[in-house]
Amino acid sequence: MVIYWVVWFTRNKVVHENIVPLVSESIAFVRTFLQECGSISDNESANPVLQSVLWQAPPENVYKFNFDTSFNSQNRSATSGVIGRDITGEIMASCVVPHNNVLDALMAEALACLQAVHYAKELGFRRVIIEGDSLIVIKKLNEGMNDRSTIAPVIHDIRVKARDFDVISFVFVKRDANNAAHVLARDHRTQHDPCFWIEEAPGNAAYAANMDRLKLDSV
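Just so it is clear, the model here is predicted, and its values are computed rather than measured.

Some remarks on the overall build of the chain
Looking only at helices and strands, the chain has 7 helices and 6 strands in total. In the chain, the succession of α and β elements from N to C terminus is α-α-β-β-β-α-β-α-α-β-α-β-α. For the chain, restricting intrachain contacts to residue pairs at least 6 apart in sequence, the fraction spanning at least 24 positions comes to 73%. Summed over all atoms, the accessible surface of the chain reaches about 11,800 Å², with 53% contributed by carbon and sulfur.

With respect to the packing of aromatic side chains
All chains considered together, the criterion is met by 3 aromatic pairs. Summarising the aromatic geometry, the rings of Tyr63 and Phe125 are spaced 4.6 Å apart at their centres and angled 50 degrees between planes, so their arrangement reads as tilted. One end of the pair, Tyr63, is in strand β1 (residues 63-72); the other, Phe125, is in the loop between α3 (105-122) and β4 (127-132), and 62 residues separate them in sequence. In this structure Tyr63 comes out as partly exposed when scored by relative accessible area, which is 24%. Using a relative accessible area of 15% as the deciding quantity, one classes Phe125 as buried. Here the aromatic rings of Tyr119 and Phe196 are separated by 5.4 Å at their centres, their planes lie at 50 degrees, and the arrangement is tilted. Of this pair, Tyr119 sits in helix α3 while Phe196 sits in strand β6 (residues 195-198), and the two are 77 residues apart along the sequence. Residue Tyr119 is classed as buried on the basis of its relative accessible area of 6%. Its relative accessible area of 47% is what places Phe196 among the partly exposed residues. A network of ring pairs unites the aromatic residues Tyr63, Phe65 and Phe125 as a single cluster.

Observations concerning the nonpolar core
The biggest cluster of nonpolar side chains holds 37 residues, and the ones touching the most others in it are Phe65, Phe67, Cys113, Ile130, Val137, Ile158 and Phe170. Mapped onto this core, the elements with two or more residues apiece are β1, β2 (77-85), β3 (91-99), α3, β4, α4 (135-143), α5 (152-162) and β5 (167-172). The leading source of residues in this core is α3, at 12 residues. The contacts of Cys113, once residues within four sequence positions are left out, are Phe67, Ile130, Val137, Leu141, Ile158 and Phe170. Formed by 12 residues, the second largest nonpolar core is a distinct cluster that contains Ile83, Val183, Leu184 and Trp197.

Some points on the sheet that holds β1
Spatially, β5-β4-β1-β2-β3-β6 is the arrangement adopted by the 6 strands of the open sheet, whose pairing is mixed. On the outer flanks of this sheet lie β5 and β6, each paired with one strand and no other. Put simply, the sheet's adjacent strands are angled 15 degrees from each other on average, direction ignored.

Focus on the pairing of β2
With respect to burial, β2 is a largely interior element, 9 of its 9 residues being buried. Burial of the side chains of β2 extends over both faces: Ser77, Thr79, Gly81, Ile83 and Arg85 are buried on one face and Ala78, Ser80, Val82 and Gly84 on the other. Bridge count between β1 and β2: 9 bridges; the pairing is antiparallel. Of the residues in β2, the one forming a bridge with Thr69 is Ser80. Adjacent in sequence and paired antiparallel, β1 and β2 are bridged by 4 residues, among which Arg76 carries a positive phi angle near 55 degrees. Bridging between β2 and β3 involves 8 bridges; their strand directions are antiparallel. Within the sheet, the bridge partner assigned to Ser80 lies in β3 and is Val97. The hairpin turn running from β2 into β3, its antiparallel successor, is 5 residues long, and Gly89 in that turn takes a positive phi close to 90 degrees.

Overview of α3
Relative to the 26 Å expected for 18 residues at 1.5 Å per residue, α3 spans 25 Å between its end C-alpha atoms, a close match to the ideal helical length. Where burial is concerned, most of α3 is hidden: 14 out of the 18 residues are buried. Its side-chain oxygen placed 3.2 Å from the backbone nitrogen of Leu106, Asp104 serves as the N-cap of α3. Looking one or two places after α3, you find Gly124, whose phi comes out positive at around 90 degrees.

Cut-offs used in this document
- Residues numbered from 1 in each chain as written.
- Predicted model: local features only at pLDDT ≥ 70, side-chain atom pairs only at ≥ 80, totals over all residues.
- Heavy atoms only, no water.
- Helix = DSSP H or I, 4+ residues; strand = E, 2+ residues; numbered from the N terminus.
- Contact = heavy atoms within 4.5 Å.
- Areas by Shrake-Rupley, 256 points an atom, 1.4 Å probe, with all protein chains shown as cover.
- Phe/Tyr/Trp six-rings, centres within 6.5 Å; stacked < 30°, edge-to-face > 60°.
- Buried < 20%, exposed > 50% of the residue type's maximum accessible area, 1.4 Å probe, protein only.
- Core = buried A, V, L, I, M, F, W, Y, C linked by side-chain atoms within 4.5 Å.
- Pairing = 2+ DSSP bridges.
- Axes fitted to C-alpha atoms, helices over the stretch in contact; angles between N-to-C directions.
- Expected span 1.5 Å × (residues − 1).
- Polar contact = N/O pair within 3.5 Å; in protein donor to acceptor, adjacent residues only side chain to side chain.

Remember, this is a structural readout, not a statement about activity or role.
Okay, structure coming up:
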């Protein structure tokens, strides 16, 4: 079923976007997807990371930075989307950062996580939750073991930057709980220059964050 899905996705890329993904990239995507699914089923009960359907507010005096990425396999570029919020769901900051020469979608996710940590550090936040929907990236950061995968250098950089925080945790959530960051990365996938916003987010990302806040208030 996953292979059928990838074939249909590839067909849509060709027809609607005039993009022809490489066969090797499709195979890599299937392997990564199945790895994540296997990790969820095998470790769901024992995994310490959170899996939530709705975005959850951080505790008081802690700030949550959600990250996601938009990866273009055709030109191996990616865009990181990061949005930081407080206990009330108010936007503290957001940014989009383009990357070139990105190996694959997993590397794009790792770079987005690194950008979230870097941005939170640059803004001076000392107590943060870094949250995303890439289970592999989050698991590697929480395992605390030496990583020998292709994203090992990025994981190392994240761990080094993490030492500068008083409190930091890495949390996995499902896509619905990461929608604002997803929309931010998606809408700016053709962005050529980094953009940063303080106490706001652009367009659809701000709307998605507000919807998260409304759902938060209704619970």
